[in-house]
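Tertiary structure, described
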Amino acid sequence: MKKKNISVIGVPMDLGQMRRGVDMGPSAIRYAGLLERLEAIGHTVTDLGDIQIDQPERVHTADTNLRNLDAVVKGSTALADQVKKVKTDGDFPLILGGDHSIAIGSLAGISSNYENLGVIWYDAHGDLNTGDTSPSGNIHGMPLAVSLGIGHEDLVNIHDYTPKVKPENIVIIGARSLDEGERVLIKEKGIRVYTMHEVDRMGMTKVMEESIEYLKGRTDGVHLSLDLDGLDPNDAPGVGTPVIGGISYRESHLAMEMLAEADILTSAEFVEVNPILDEKNKTATVAVALAGSLFGEKLL
Ligand SMILES: NC(=[NH2+])NCCC[C@H](N)C(=O)O
Ligand SMILES: [Mn+2]
Ligand SMILES: [Mn+2]
């Protein structure tokens, strides 16, 4: 893989859901040795530090059931600004969450650079809810819908344009928990989804071969949004919304290695690491190991 200039951005965001601790994700991932690991491969790594996130009282904004909407909009905008700067410099943004609501800001900062940005959504969930379909009001269950231009106007219009992604440029991998409204949206928009059924049936090799082939043919850049709850909770226990029966540690390494070989990624994020729910920083350590594979680390 080509050597990259990687800019690391931490986003200590926990307002997109209700379990405290996920704001410490960026520290936990850095502590697990991310920067050293990527430098050892030969990349140039710059740590841009953390985006500042407000810590408001946990109240609903008056006219919406979206929890902490205003603070999420503010944090997402600040992240989008920073990501856009990194893209303008021609560097590779590597964003550390924080809950998955941060993908709203990541994609807002990235997508204006592309005609057809591809997105790989590696996740147990679809994160395709809106205020109307969400069972929880948690914005971390909405970022993919928001990026499609579907959802609250304050979220879809971050950086003054919408949509950020086209449905046909998205591939979801690892899904095993979808709400009714999300199922409807997937069918209506024709979004490509490899659920755990396909991962089991086809094997990760085929899933990744197909996904890479598909995105290569139609996109001019690809963002990886990796929710650690895409992995099985045995391998990644430190997440707020674990779902049993997930992608294994080994399958995940294979997926990352195949992405490295294809060298199609132009940005990436690792989200939902919650050190308080973790076992001795295992999940952050897994995130760093996967990042190693994603950026071309090889044993021999
Ligand atoms: N990024 C995540 N972990 N999302 C979990 C979402 C769970 C559920 N679908 C919801 O909307 O509340
Ligand atoms: Mn998830
Ligand atoms: Mn998610």
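Let me begin by describing the structure that accompanies this report. Model, not experiment: these values are computed from the prediction. (Residues numbered from 1 in each chain as written. Chains lettered and ligands numbered in written order. Predicted model: local features only at pLDDT ≥ 70, side-chain atom pairs only at ≥ 80, totals over all residues. Heavy atoms only, no water.)

Rolling a probe over the atoms, with the probe sized like a water molecule, indicates the empty space that remains. Throughout the structure, instances matching the rule amount to two cavities of 30 Å³ or more. One number sums up the size of the largest cavity: a volume of about 40 Å³. As for the largest cavity, its lining consists of Met1, Lys4, Phe92, Leu259, Ala260, Asp263, Ile264, Leu265, Leu294 and Phe295. Here the lining of the largest cavity is composed, by residue class, of eight nonpolar, no polar and two charged. (1 Å grid on protein atoms, 1.4 Å probe; cavity = no way out; pocket = protein on both sides within 12 Å on 5 of 7 lines; lining within 4 Å. Points joined across faces, edges and corners; volume = space filled by probe spheres on them. Nonpolar A, V, L, I, M, F, W, Y, C, P; charged D, E, K, R; others polar.)

Counting buried residues along strand S7 (residues 221-227), seven of its seven residues qualify, which places the element largely inside the surrounding structure. Alternating positions in S7 separate into two faces, Gly221, His223, Ser225 and Asp227 on one and Val222, Leu224 and Leu226 on the other, with burial throughout. Taken together, the six bridges between strand S4 (residues 117-122) and S7 define a ladder with parallel strand orientation. Looking across to S7, one finds that glycine 118 is bridged to valine 222. Where S7 and strand S8 (residues 265-271) come together, six bridges link them in parallel fashion. Within S8, the position partnered with leucine 226 by the bridge is phenylalanine 270. (Buried < 20%, exposed > 50% of the residue type's maximum accessible area, 1.4 Å probe, protein only. Helix = DSSP H or I, 4+ residues; strand = E, 2+ residues; numbered from the N terminus. Pairing = 2+ DSSP bridges.)

The next thing to look at is the sheet that holds strand S2 (residues 44-50). With respect to topology, eight strands assemble into an open sheet ordered S2-S1-S3-S8-S7-S4-S5-S6, the strand pairing being parallel. What marks the edges here is a single partner per strand, and that holds for S2 and strand S6 (192-195). The sheet shows a mean angle of 15 degrees between the axes of neighbouring strands, taken without regard to direction. (Axes fitted to C-alpha atoms, helices over the stretch in contact; angles between N-to-C directions.)

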